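Survey of secondary and tertiary structure
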Amino acid sequence: MTLRVLPGGRGQPDPPGLMIVGAAEIVTMAGGPRRGSAQAEVDRHEEAAVGGRESDRAPVVTAWDGRIVAVGSRSDVERFVEGAGYPLERFARVDAAGGTVTPGLIDPHTHLLFAGSRERELELRQQGAGYLEILEAGGGILSTVAATREASAEALAAHGRRWLDEMLGHGVTTVEAKSGYGLDLATELRLLEVAHRLGAEGPVEVVPTWLGAHAVPPEMRGLPDPTEAFVRSLIDEQLPGVAAQGRAVAADVFCERGVFSADQSRRILRAAMGFGLRPRLHADELAPSGGAELAAEIGATSADHLATPSEAGIEALAAAAETERPVVATLLPATTWFLMKDHHAPARTFIDRGVPVAIGTDFNPGTSPTPSLPLAMTAACLNLRMTPDEVLAGVTINAALALGLAEEIGSLESGKQADLVIWNVPTSRQIPYWPAADLVRTVIKRGRVVLDRT
Ligand SMILES: [Zn+2]
């Protein structure tokens, strides 16, 4: 089987209409973000039991000019398309060949851009070293910071393209990409610029997030209160520069005991909100640190990791979920797996308490070097005890909500961006069921075929 990534993004002629036929199942995720018992409702359209693939009742999805037109049975959709004045003969047919169709997957948490690799830490961890011990020894994130500061924009872009192609090959059409391996203004700006440029190139859409508060940089560690000094420099110097550049759309902070306190995180995120950046947090990954509470207090779009939230933090997220601005619990089970931890984020509690749950890879060189969102989906099933349908909501419409993009992507509904994947399995429930298999047949981004393995 050959993998062909077709040219995508800008400069292409307007796409014709598309009609995807021959699907055993189309899962739309229509109806908005999911929480509570609705996290498992995926809106599944299956082929009628009677009739072949071209039967009138077989499910189809149509797109025109990059937008979804209609989803439903073939006869209903054709009637609708013609009735609405579209030229039916200009809809190119794409054969799903008995596969399943889902919205394009959305990875709501990655550290896409960095230089170097850290395979040595796998062995250190096997010998018992913890994340903070590796950090304090000057390894871990600081070794990536040193390599990234040395890397040119071209080198970072080449690295980014390589991993975005991998992600696309796993059915991902939108990726959040954090900075945070520069920690100085020049490198952070370079990372954000490259993230923006890669998204403009396409076909994968990239959402840049400023994570200046990822760790205290080595040059400040000799100061009397290095963390506080760095927080002040982030707010007074780095953030205004990032805002002036205009590439980042969100701001993130590593709120964790021993890294940035909840109070320091609040000050950074409030300042970032003053520049119009959406707030989000790395919260309560290693120890309860007030991250979930802070996320609810400031109206963060997403609180991420959440392996060890306090009861008060869970309560705060549950209360926020009842409001107009819920905080998405973005859980990262590939990270806990790769760190060989046996304590997992309480996904079932979040779902029971009505908190919307999303799933991401946390792609990064230290704690989760996997670009495969379907593999993270499997980990969510096995370790977080989420059902395949709940997980699918977590990598589509709820991941879109975590990025503030739920009106535009994450479901197959009339008027939304036509981002979708045809999988070589007859039901979406098989996507997490075959771990690490290559199941993607075709990827469509903004109404254009951008990857085709047929
Ligand atoms: Zn992360």
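Just above sits the structure.
Throughout what follows, the structure given in this document is the object of discussion. Since the structure is predicted, the reported quantities are computational estimates derived from the model, not experimental observations.

Focus: the overall build of the chain
- The helix and strand tally for the chain stands at 15 helices and 19 strands.
- In terms of C-alpha radius of gyration, the chain reaches 22 Å, essentially the compact-globule figure of 22 Å for 454 residues.
- Dimensions along the principal axes, computed over C-alpha positions, put the chain at roughly 75 × 45 × 45 Å.
- For the chain, the residues scored as buried account for 59% of the 454 residues in total.
- Carbon together with sulfur atoms contributes 52% to the accessible area of the chain, which is approximately 16,900 Å² in total.

Overview of helix H8 (residues 262–274)
- Spanning 13 residues, H8 covers 18 Å between terminal C-alpha atoms, matching the ideal 18 Å at 1.5 Å per step.
- Buried within H8 are the following residues: Ala-262, Gln-264, Ser-265, Ile-268, Leu-269 and Ala-272. Seen along its axis, H8 keeps its buried residues to an arc of 155 degrees; they face one direction.
- In this structure, the buried residues of H8 make contact with strand E11 (205–213), helix H7 (226–245), strand E12 (250–255), strand E13 (278–283) and helix H9 (291–298).
- Immediately downstream of H8, the backbone of Gly-276 shows phi near 85 degrees, a positive value.

Remarks on empty space enclosed by the protein
- Per the counting criterion, the structure on display carries three cavities of 30 Å³ or more.
- Residue lining of the largest cavity: 13 residues in total, with Tyr-131, Tyr-181, His-214, Asn-364 and Thr-367 positioned closest to the centre.
- Taken together, the residues of the lining of the largest cavity sort by class into four nonpolar, six polar and three charged.

Cut-offs used in this document
- Residues numbered from 1 in each chain as written.
- Predicted model: local features only at pLDDT ≥ 70, side-chain atom pairs only at ≥ 80, totals over all residues.
- Heavy atoms only, no water.
- Helix = DSSP H or I, 4+ residues; strand = E, 2+ residues; numbered from the N terminus.
- Rg over C-alpha atoms; globule rule 2.2 N^0.38 Å.
- Buried < 20%, exposed > 50% of the residue type's maximum accessible area, 1.4 Å probe, protein only.
- Areas by Shrake-Rupley, 256 points an atom, 1.4 Å probe, with all protein chains shown as cover.
- Expected span 1.5 Å × (residues − 1).
- Arc of directions from axis to C-beta.
- Contact = heavy atoms within 4.5 Å.
- 1 Å grid on protein atoms, 1.4 Å probe; cavity = no way out; pocket = protein on both sides within 12 Å on 5 of 7 lines; lining within 4 Å.
- Points joined across faces, edges and corners; volume = space filled by probe spheres on them.
- Nonpolar A, V, L, I, M, F, W, Y, C, P; charged D, E, K, R; others polar.

Such coordinate-based values are descriptive only and should not be taken to indicate function.
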